[in-house]
Amino acid sequence: MEASNTNTSWKDKPPYAFTGESKSFKAKYSAQCYCGSVQYEINDDPVDSTYCHCKGCQRLQGAPLQWASIFHKSSIRFTKGVDQLIFYNNSTNKQTHELPCKVYCRDCRTPLADEGRNMWLAFPMLFKQFDEMKEKLRPSCHLFYGQRCVDIKDGLPKFEGHKNKSQQIQE
Ligand SMILES: [Zn+2]
Ligand SMILES: [Zn+2]
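The numbering scheme is per chain: residues are counted from 1 as the chain's sequence reads. Each chain gets a letter, beginning with A, and each ligand a number, beginning with 1, in the order they are written. The model is predicted, so local features are restricted to residues of pLDDT at least 70 and side-chain atom pairs to those at 80 or more, both for listing and for counting; the totals for chains, interfaces and linings are taken over all residues. No hydrogens and no water enter the side-chain calculation; it runs on all heavy atoms of the structure.

Thoughts on the overall build of the protein
Step number 1: Put simply, DSSP marks the helices as runs of H or I at least four residues long and the strands as runs of E at least two long, and each gets a number from the N terminus on. Helix and strand content of the protein: two helices and 10 strands.
Step number 2: Scanning the protein from its N terminus toward the C terminus, one meets helices and strands in the order β-β-β-α-β-β-β-β-β-β-α-β.
Step number 3: Taken over the C-alpha atoms alone, the protein extends approximately 45 × 35 × 30 Å along its principal axes.
Step number 4: For every residue, the accessible area (1.4 Å probe, protein chains only) is compared with the maximum for its type, and the residue is labelled buried under 20%, exposed over 50%, or partly exposed between those bounds. Per-residue burial over the protein gives 44% buried out of 171 residues.
Step number 5: For this analysis, residues touch if any pair of their heavy atoms sits within 4.5 Å. Within the protein, contacts between residues at least 6 apart in sequence are counted, and of these 53% link residues at least 24 apart.
Step number 6: Working note: accessible area of the protein is about 9500 Å², and carbon and sulfur atoms make up 46% of it.
Step number 7: Positive: Lys, Arg. Negative: Asp, Glu. His and the chain ends are not part of the count. Where a charge lies is defined by one atom per residue type: Lys uses NZ, Arg uses CZ, Asp uses CG and Glu uses CD. Each charge class in the protein can be summarised by its mean position, and for the 24 positive and 19 negative side chains these summaries are 2 Å apart. Accessibility throughout is a Shrake-Rupley quantity obtained with a 1.4 Å probe, and a residue counts as covered only by protein chains that appear here.

Section: the coordination of the zinc ion (ligand 1)
Step number 1: Those donors, Cys33 (SG), Cys35 (SG), Cys105 (SG) and Cys108 (SG), are the protein atoms that reach the zinc ion (ligand 1), and they lie 2.3 to 2.4 Å from it.
Step number 2: Seen from the zinc ion (ligand 1), its four donor atoms lie at angles of 107 to 112°, and the figure they make is tetrahedral.
Step number 3: Note that water is not among the atoms considered, so a metal site may appear incomplete; the donors listed are N, O and S atoms within 2.8 Å of the metal, with 3.2 Å applied to Na, K and Ca. Sequence positions of the residues that donate to the zinc ion (ligand 1) give the spacing C-x1-C-x69-C-x2-C.
Step number 4: Residue classification places Cys105 among the buried residues on the basis of a relative accessible area of 0%. Sites are called tetrahedral only when four donors show all angles between 85 and 135 degrees, square planar or octahedral only when four or six donors show opposite pairs over 155 degrees and all other angles between 65 and 115, and irregular in any remaining case.

Let's talk about helix α2 (residues 130–137)
Step number 1: Of all the residues in α2, the buried ones are Phe130, Met133 and Leu137. Axial view of α2: buried residues confined to an arc of 85°, hence all on one face. Seen from the open side of α2, the exposed residues pointing more than 90 degrees away from its buried face are Asp131, Glu132 and Glu135.
Step number 2: Along its buried surface, α2 packs onto β1 (29–32), β3 (48–52) and β4 (66–72). This arc is built from the directions going out from the helix axis to the C-beta atoms.

Re the UniProt feature "domain: CENP-V/GFA" (unreviewed entry) in the protein
Step number 1: UniProt positions are given in the numbering used here, feature names are shortened, and annotations may be inferred rather than shown by experiment. Mapped onto the present numbering, the UniProt feature "domain: CENP-V/GFA" (unreviewed entry) falls on residues 29–146.
Step number 2: Along residues 29–146 the backbone is 13% helical and 39% strand, and the end-to-end C-alpha distance reaches 32 Å.

Remarks on the environment of Val47
Step number 1: Looking at the element boundaries, Val47 is found in the loop between β2 (39–42) and β3.
Step number 2: The spacing of Val47 and His72 is 25 residues in sequence and 7.9 Å in space, taken between C-alpha atoms.
Step number 3: In contact with Val47, not counting residues within four places along its chain, are Ile70, His72 and Met119.

Brief notes about the side chain of Ser75
Step number 1: As for its placement among the helices and strands, Ser75 is situated in the loop between β4 and β5 (76–80).
Step number 2: Residue class for Ser75 comes out buried when judged on its relative accessible area of 6%.
Step number 3: Within the local environment of Ser75, its side chain forms a polar contact with the backbone oxygen of His72, the two atoms lying 2.7 Å apart.
Step number 4: Other than its neighbours up to four places away in sequence, Ser75 contacts Phe25, Glu41, Ile42, Asn43 and Asp44. Two N or O atoms count as a polar contact when they lie within 3.5 Å, although within protein this holds only if one can serve as hydrogen donor and the other as acceptor, and sequence-adjacent residues are included solely when both atoms are side-chain atoms.

Regarding the state of the cysteines
Step number 1: The disulfide criterion is simple: two cysteine sulfur atoms within 2.5 Å. One pass over the full model with this rule turns up zero disulfides.
Step number 2: Between Cys149, a cysteine without a disulfide, and Cys54, which holds the nearest cysteine sulfur, the sulfur-to-sulfur distance is 11 Å.
Step number 3: Take Cys149: its relative accessible area is 46%, and that puts it in the partly exposed class.

Topic: the sheet that holds strand β10 (residues 141–143)
Step number 1: Only strands that DSSP links by at least two bridges are regarded as paired with each other. Reading across the sheet, the seven strands line up as β6-β7-β8-β9-β4-β3-β10 and stay open at both edges, with mixed pairing between neighbours. On the outer flanks of this sheet lie β6 (85–88) and β10, each paired with one strand and no other. Each adjacent strand pair in this sheet contributes to an overall mean axis angle of 30°, direction not counted.
Step number 2: Examined bridge by bridge, β6 and strand β7 (residues 101–105) share four bridges and lie antiparallel to one another. Considered in β7, the bridge of Leu85 is made with Cys105. Here an angle of 0 to 180 degrees is reported between the N-to-C directions of two axes, which are lines fitted to C-alpha atoms, with helices fitted over the stretch in contact.

Structure (structure tokens):
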């Protein structure tokens, strides 16, 4: 038995259990992993989107940066595969649902989101509506640009570390 399955109380809370009114749920975004075992929907627009260039994101995503769109957990409902999820907490190095943690599909290992206490950092490339909703998902800034491995000249603010809490770097 995997350690991630020993405590399953997370299943009773958003975003894994939808606690709002199901009838009024209108999906704006539907996300799925590579293999399709896990699917979820979101009924709201993101509160913000960012590009993160930190070394942790680079390694954990296996990519030059992480594009995340931030949603309230209460606007999400899973439609498939809650039992297929695995978690990873990179500060304790444990595969447990201890927030904040990373969420993956157990079958294809697609990174699905970074789950915080109240917020869900989704990866918009998993959205079926990515092309049509690109403008709504467009990042407001670059984070940890001081750790970047690629230069991006897009005119967006570039913070050395956290948003509005660190110096900006010129393009
Ligand atoms: Zn999958
Ligand atoms: Zn990062």
